[in-house]
Amino acid sequence: KWIGNPTVAHFTDTKVESGKTYFYKVIANASKSSYNSDYSNIFSCDVICGAPSVTVKVDIATGKPMLSWKKVDLAAGYRIYRQLPGQEFVVIAEQTGLSFVDTTAPIDTLCIYKVQTIGKTEGLDSGFTKELSVTSAIAQPKLSSGVNADGKPRFNWQPVEGAVKYEIYRSTKSNKGYTLLATVEDGNAYVDNTVAGG
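Residues numbered from 1 in each chain as written. Predicted model: local features only at pLDDT ≥ 70, side-chain atom pairs only at ≥ 80, totals over all residues. Heavy atoms only, no water.

Caption draft 1: Molecular detail of the overall build of the chain. Of regular secondary structure, the chain possesses zero helices and 14 strands. For the chain, the N- to C-terminal ordering of α and β elements is β-β-β-β-β-β-β-β-β-β-β-β-β-β. The C-alpha atoms of the chain give 28 Å as radius of gyration, which overshoots the globular expectation for 198 residues (16 Å, by more than 25%). With respect to the principal axes defined by its C-alpha atoms, the chain has extents near 95 × 35 × 30 Å. When each of the 198 residues of the chain is scored for burial, the buried share is 26%. Of the contacts made within the chain by residues no fewer than 6 positions apart, 49% connect residues no fewer than 24 positions apart. Accessible surface, the chain as shown: approximately 13900 Å² in total, 52% of it carbon and sulfur. With 21 positive and 19 negative side-chain charges, the chain shows a separation of 9 Å between the mean positions of the two kinds. (Helix = DSSP H or I, 4+ residues; strand = E, 2+ residues; numbered from the N terminus. Rg over C-alpha atoms; globule rule 2.2 N^0.38 Å. Buried < 20%, exposed > 50% of the residue type's maximum accessible area, 1.4 Å probe, protein only. Contact = heavy atoms within 4.5 Å. Areas by Shrake-Rupley, 256 points an atom, 1.4 Å probe, with all protein chains shown as cover. Lys, Arg positive; Asp, Glu negative; His and termini not counted. Charge placed at Lys NZ, Arg CZ, Asp CG, Glu CD.)

Following this line, the structure appears as structure tokens:
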């Protein structure tokens, strides 16, 4: 059946189903139909799964790269590849979910990713997505707080892998006005002795 009438020398058939074979032929139209060309040779196309549209960012809580994408029709799963500096791409995960946090990414390292859709039957795997790069960070400190015997605010946090120092910021409002109060290079606790009561 007729599926399109483009005015340029290319066409994408979006109304197909993965796993099926389609046959095509093309005719060149002239200003008058009596001058139209004969049909081209027939060619076939086996439709595979589409590659997912992937976004990547750093997860604030962990500092690790986080990838996400939308579901692809007829996908059985997704295969995630990673490349580290000076290395080749390797498969680091296969899953059915639509997001992935790379918990094994080295700290402060440029990581390059690409993702492939796994088809439900053999031969339907998609091509690769474009390569996406992001630099991993260190994790967000997890704080616990209270007051010491003198009634001064005391903060503790678990050591963060890769951290060389910690900066403490203070404000009298929760959502703005923060200024640097102190820097801690050795230890994981701080007492604010400069605040006034109330």
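This is not the end of the story, as more comes after the structure.
Caption draft 2: Inspection of the layout of surface pockets at higher detail. When its volume is computed, the largest pocket comes out at roughly 1200 Å³. Around the largest pocket sit 33 residues that line it, and Ile3, Gly4, Phe11, Asp13 and Tyr24 are the ones nearest its centre. Listed by contribution, the elements that provide at least two residues to the lining of the largest pocket are β1 (21-24) and β2 (43-46). If one sorts the elements of the lining of the largest pocket by residue count, β1 sits on top with three residues. Taken as a whole, the second largest pocket spans an internal volume of roughly 190 Å³. In terms of lining residues, the second largest pocket is bounded by Pro141, Leu143, Phe155, Trp157, Tyr166, Glu167, Ile168 and Tyr169. Listing elements by their share of the lining of the second largest pocket, those giving two or more residues are β11 (153-157) and β12 (166-170). The element that contributes the greatest number of residues to the lining of the second largest pocket is β12, accounting for four residues. When the residues that make up the lining of the second largest pocket are grouped by side-chain class, the tally is seven nonpolar, no polar and one charged. (1 Å grid on protein atoms, 1.4 Å probe; cavity = no way out; pocket = protein on both sides within 12 Å on 5 of 7 lines; lining within 4 Å. Points joined across faces, edges and corners; volume = space filled by probe spheres on them. Nonpolar A, V, L, I, M, F, W, Y, C, P; charged D, E, K, R; others polar.)

Caption draft 3: Main features of the pairing of strand β6 (residues 90-95). Of the pairings in the sheet, the one linking strand β5 (residues 75-83) to β6 comprises five bridges and is antiparallel in character. If you follow arginine 79 over to β6, its bridge partner there is glutamate 94. The loop that links β5 with its antiparallel partner β6 comprises six residues; one of these, glycine 86, has a positive phi angle of about 80 degrees. (Pairing = 2+ DSSP bridges.)

Caption draft 4: Layout of unusual backbone geometry. Of note in the backbone geometry, aspartate 108 takes a positive phi value of approximately 55 degrees without being a glycine. As for its placement among the helices and strands, aspartate 108 is situated in the loop between β7 (99-101) and β8 (110-119).

Caption draft 5: Just the sheet that holds β8, in detail. Across the sheet, which stays open at both edges, the four strands sit in the order β6-β5-β8-β9 with antiparallel pairing between neighbours. What marks the edges here is a single partner per strand, and that holds for β6 and β9 (132-135). Strand-to-strand, the axes of this sheet are offset by a mean angle of 30 degrees, without reference to chain direction. (Axes fitted to C-alpha atoms, helices over the stretch in contact; angles between N-to-C directions.)

Caption draft 6: Up close: the nonpolar core. Leu67, Trp69, Ile80 and Tyr113 are the most contacted members of the largest nonpolar core, which totals 16 residues. Only β4 (65-69), β5, β8 and β9 provide two or more residues apiece to this core. Residues in contact with leucine 67, not counting those within four places in the same chain, are Val54, Thr55, Val56, Ile80, Leu98, Ser99, Phe100, Tyr113 and Val115. Core analysis: the next-biggest nonpolar cluster, separate from the first, contains seven residues, Val160, Tyr166, Ile168 and Val184 among them. (Core = buried A, V, L, I, M, F, W, Y, C linked by side-chain atoms within 4.5 Å.)

Caption draft 7: Structural context of the confidence of the model for the chain. Of all residues in the chain, 98% have pLDDT values of 70 or greater, and the mean over the chain is 90. Ranking the helices and strands of the chain by mean pLDDT puts β6 first, with 98, and β2 last, with 75. (pLDDT = per-residue confidence, 0-100.)

Caption draft 8: A look at the environment of serine 145. Along the chain, serine 145 turns up in strand β10 (residues 143-147). With 29 residues separating them in the primary sequence, serine 145 and serine 174 have C-alpha atoms 15 Å apart. When neighbours within four sequence positions are excluded, serine 145 is seen to be in contact with Arg154 and Phe155.

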